[in-house]
Amino acid sequence: MRGHVPVESGRSFRVASPPANALVTRELASELEHVLEKFSLEAGFDERHPVSVYFNPGIFGHHRVGRAADIYGVGGIGIGEWKARWDRARQGIRETQERREREAIATAERKRNLGWRLYKSHQIHGRWAQPYGFPIQLFGPWTREEGPWKYISDRMLRAHRDHIHVAK
Ligand SMILES: [Zn+2]
């Protein structure tokens, strides 16, 4: 796509996917680079130990004009697998009697689950598109639990069970 640029690696994160997997507008590239840097620093990565992120190309809607990107993996693990781990931890919490033990499981999972952390970083640090009459363009497997659009339909949720979609 003419005039579009790849998302570049930062100080504490590396784009592990081929550059063509996320060819986007300059505006979206710099927003993503900003959020990814915040995320990786907050998650404890640095220049010597960067975290990897992996994009796959998208087809529909904002993707056609380079205004959207899909992140499929972080830390060498797929977003779908991070969500499966998250769900297993939630199950563990439901099955645990003692309150302090439940809190310990939740705290540990929030710390180590890079997929969830990346989603939250996008929510906290990213300024994503909100076309008139549409929700904020941040979707992923955590959208129904965490927002910003908790009313996401089953169909939309299923379409984003293995990646995080952002548009700007
Ligand atoms: Zn997408």
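Each remark here, short or long, concerns the structure printed above.
Values in this document were obtained by computation on a predicted structure and should not be read as measured data.

1. As for the pairing of strand S5 (residues 68-74)
For step 1, the next point in the chain: Most of S5 sits out of view: six of its seven residues are buried.
For step 2, the next point in the chain: Here strand S4 (residues 51-56) pairs with S5 via four bridges, running antiparallel. The partner of Asn56 across the bridge, within S5, is Asp70.
For step 3, the next point in the chain: Alignment of S5 against strand S8 (residues 164-167), held across four bridges, turns out to be antiparallel. Looking at S8, one finds that Asp70 is bridged to His165.
For step 4, the next point in the chain: As judged from the two bridges shared by S5 and strand S6 (residues 77-78), these two strands associate in the antiparallel manner.

2. Some points on the nonpolar core
For step 1, the next point in the chain: Of all hydrophobic cores here, the largest spans 34 residues; its most connected members are Val7, Val53, Ala69 and Ile71.
For step 2, the next point in the chain: Here this core gets six residues from one element, more than from any other, and that element is helix H1 (residues 26-42).
For step 3, the next point in the chain: Apart from residues lying up to four places away in sequence, Val7 is in contact with Val15, Ala22, Val24, Ala29, Leu32, Glu33, Phe55 and Ala69.

3. What to know about the environment of Ala16
For step 1, the next point in the chain: Position of Ala16 relative to the elements: it lies in the loop between strand S2 (13-15) and strand S3 (23-24).
For step 2, the next point in the chain: Along the sequence, Ala16 and Val74 sit 58 residues apart, while their C-alpha atoms lie 9.3 Å from each other.
For step 3, the next point in the chain: Setting aside its immediate chain neighbours within four residues, Ala16 contacts Ser52, Val53 and Tyr54.

4. Notes on the packing of helix H2 (residues 79-94) against helix H4 (residues 114-125)
For step 1, the next point in the chain: Interaxial distance between H2 and H4 falls to 8 Å at its minimum, and their mutual angle equals 105°. Judged by the angle between their axes, H2 and H4 are roughly perpendicular. On H4, the residues that touch Ile79, Trp82, Lys83 and Trp86 of H2 are Leu114, Gly115 and Trp116.
For step 2, the next point in the chain: Looking at side-chain class alone, the contact of H2 with H4 contains five nonpolar, one polar and one charged residues.

5. Some details on the pairing of S8
A regular strand carries its side chains on alternate faces of the sheet.
For step 1, the next point in the chain: The alternating pattern of S8 places Ile164 and Val166 on one face and His165 and Ala167 on the opposite face, and all of these are buried.
For step 2, the next point in the chain: Two strands pair when backbone bridges link them, and strand S7 (residues 138-139) and S8 are joined in this way by two bridges, in the antiparallel orientation. If you follow Leu138 over to S8, its bridge partner there is Val166.

6. Points about the environment of Gly73
For step 1, the next point in the chain: Along the polypeptide, Gly73 turns up in strand S5.
For step 2, the next point in the chain: For Gly73, a count of 23 C-beta atoms within 10 Å puts it in the buried group.
For step 3, the next point in the chain: Along the chain, Gly73 and Asn56 lie 17 residues apart, while their C-alpha atoms are 9.1 Å from each other.
For step 4, the next point in the chain: With residues near it in sequence (within four places) discarded, Gly73 still touches Val53, Tyr54, Gly78 and Ile79.

About the cut-offs
Residues numbered from 1 in each chain as written. Predicted model: local features only at pLDDT ≥ 70, side-chain atom pairs only at ≥ 80, totals over all residues. Buried ≥ 20, exposed ≤ 12 C-beta atoms within 10 Å, placed from the backbone. Helix = DSSP H or I, 4+ residues; strand = E, 2+ residues; numbered from the N terminus. Pairing = 2+ DSSP bridges. Core = buried A, V, L, I, M, F, W, Y, C linked by C-beta atoms within 7 Å. Contact = placed C-beta atoms within 7 Å. Axes fitted to C-alpha atoms, helices over the stretch in contact; angles between N-to-C directions. Parallel < 35°, antiparallel > 145°, perpendicular 65-115°, else oblique. Nonpolar A, V, L, I, M, F, W, Y, C, P; charged D, E, K, R; others polar.

Take it as geometry only, folks, not as evidence of what the structure does.
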